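Results of the structural survey
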Amino acid sequence: MRLLIVEDEKRLAMSLARGLTAEGFVVEVVHDGAAGLELATAREYDLIVLDIMLPGMNGYRVCSALRAAGDDTPILMLTAKDGEYDEAEGLDTGADDYLTKPFSYVVLVARVRALLRRRTRGAAPSMVLGDLRVDPGARRVFRGDEEVELTAKEFAVLEHLAANAGQVVSKAQIMEAVWDFAYDGDPNIVEVYVSALRRKLDVPFGRRSIATVRGAGYRLARDGGA
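The structure contained in this document is the topic of the report that follows. (Residues numbered from 1 in each chain as written. Predicted model: local features only at pLDDT ≥ 70, side-chain atom pairs only at ≥ 80, totals over all residues. Heavy atoms only, no water.)

1. A look at the environment of L47
Where we set the bar: Each helix corresponds to a stretch of at least 4 residues labelled H or I by DSSP, and each strand to a stretch of at least 2 residues labelled E; elements are numbered beginning at the N terminus. Contacts: residue pairs with any heavy atoms within 4.5 Å of one another.
Note on placement: L47 falls in strand β3 (residues 47-51). It is 7.3 Å that separates the C-alpha atoms of L47 and L116, two residues lying 69 residues apart in sequence. With residues up to four places along the chain from it excluded, the contact list for L47 reads R2, L3, L4, T73, P74, V112, L115 and L116.

2. Some points on the nonpolar core
Condition: Among buried residues, the Ala, Val, Leu, Ile, Met, Phe, Trp, Tyr and Cys ones that are joined through side-chain atoms within 4.5 Å form a nonpolar core. Only protein chains enter the area calculation, which uses a 1.4 Å probe; residues under 20% of their type maximum are buried, those over 50% are exposed, and those in between are partly exposed.
In terms of nonpolar packing, the biggest core is built from 28 residues, with L158, L161, I174 and L220 touching the most fellow members. Contributing elements (two or more residues each) for this core: β6 (127-129), β7 (132-135), α6 (152-163), α7 (171-179), α8 (189-202) and β11 (217-220). By size, the runner-up hydrophobic cluster in this structure holds 21 residues, among which are L20, L47, V109 and V112.

3. Observations regarding the sheet that holds β6
As a reminder of what qualifies: Only when DSSP finds a minimum of two bridges between them are two strands counted as paired. Axis angles are defined between N-to-C directions and span 0 to 180 degrees, where every axis is a line fitted to C-alpha atoms and, for a helix, only to the segment in contact.
Spatial strand order, β6-β7-β8-β9: four strands in an open sheet with antiparallel pairing. Either end of the sheet is taken by a strand with one partner, and the two such strands are β6 and β9 (146-148). Within the sheet, the average angular offset between the axes of one strand and its neighbour, ignoring direction, is 25 degrees. Both β6 and β7 contribute to a ladder of three bridges, which runs antiparallel.

4. So, the pairing of strand β10 (residues 210-213)
Strand direction decides the pairing type here: β10 and β11, joined by four bridges, are antiparallel. Across the sheet, the residue bridging to A211 is R219, located in β11. Counted between consecutive antiparallel strands, the loop separating β10 from β11 contains three residues, among which G215 sits at a positive phi close to 80 degrees.

5. Quick word on the sheet that holds strand β4 (residues 75-79)
An order of β2-β1-β3-β4-β5 is seen for the five strands of this open sheet, with the pairing classed as parallel. Both outer strands of the open sheet, β2 (26-30) and β5 (97-100), are each paired with one neighbouring strand and no more. With direction set aside, neighbouring strand axes in the sheet form an average angle of 20 degrees. Here β4 runs beside β5; their pairing, made up of four bridges, is parallel. Across the sheet, residue L76 finds its bridge partner in β5, namely D97. Here helix α1 (residues 10-22) sits on the sheet in contact with β1 (2-6), β2 and β4, set at roughly 170 degrees to β2.

6. Brief notes about the pattern of salt bridges
A side chain with one charge can pair with a side chain of the opposite charge if their charged atoms come near. Our working definition: When a carboxyl oxygen of Asp or Glu is within 4 Å of a side-chain nitrogen of Lys or Arg, the pair counts as a salt bridge.
Summed over the entire model, instances satisfying the criterion amount to 15 salt bridges. Residue D96 is joined to R67 by a salt bridge in which the shortest nitrogen-to-oxygen separation is 2.9 Å. Here R67 lies in helix α3 (residues 59-68) and D96 lies in the loop between α4 (84-92) and β5, a separation of 29 residues in the sequence. Its relative accessible area of 2% is what places D96 among the buried residues. Between D97 and R111 there is a salt bridge whose closest N-O contact spans 3.2 Å. Remark: R111 occurs in helix α5 (residues 105-120) and D97 occurs in strand β5; sequence separation between them is 14 residues. Given a relative accessible area of 2%, D97 falls into the buried group.

7. A closer look at helix α2 (residues 33-42)
Selection rule: What the arc describes is the spread of directions from the helix axis to the C-beta atoms. Each polar contact in these results corresponds to two N or O atoms within 3.5 Å; when the atoms are within protein, one needs to be able to donate a hydrogen and the other to accept it, and residues that are neighboring in sequence are counted only if both atoms are side-chain atoms.
Turning to α2, its buried residues number three or more, namely G33, G36, L37, L39 and A40. Projected onto a plane normal to the axis of α2, the buried residues spread over an arc of 165 degrees and lie on a single side. Summarising the geometry of α2, the exposed residues directed more than 90 degrees from the buried face are E38, T41 and A42. Contacts from the buried residues of α2 go to β1, β2, β3 and α3. Its side-chain oxygen at 3.2 Å from the backbone nitrogen of A34, D32 defines the N-terminal cap of α2.

Structure (structure tokens):
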């Protein structure tokens, strides 16, 4: 597995590179956004670890440019910032996951492995809910004949809701199923992903497929909100 680290804090970048190399990954490191975009465009990687606060071209712009070019390589964003707004902005540009500094190295490795597992796992049957079709094997989602582009983490949240369509799923259940480890961050991160799913799956199509059940969690309609 080839990883690209784009991080301007050189000591942190090299520490991560050494650790991930010891885990068996092939790691390349650059320290600014333009160089990161150039490498990510020229070479194939299985995952990109991307800092947001980069000199010249920040991580948001790098991520946006890659997604606009059709590059679906999983991106784990790193930042010293904190707060739901920054998480939402990162997700809106196409990032798959988000980690706030300072972070545990063990947590970072767990998130890297979780994103890679979802990218490489075998095929599973498609789930059809009205005009909403979720294909876990190809990691693709359709509303009718129109494909909806989701990040890896957005897809994982939707997949869990679809597998339990018609039932109430709590935030804790989503986090346990999707994050794959004992997540110690803000549980409201689930709301960020559900909001992103609504913006992509419902708003453009005039649907209301994901209901909030106050105090309990979320429920995806069996008919896909038709």
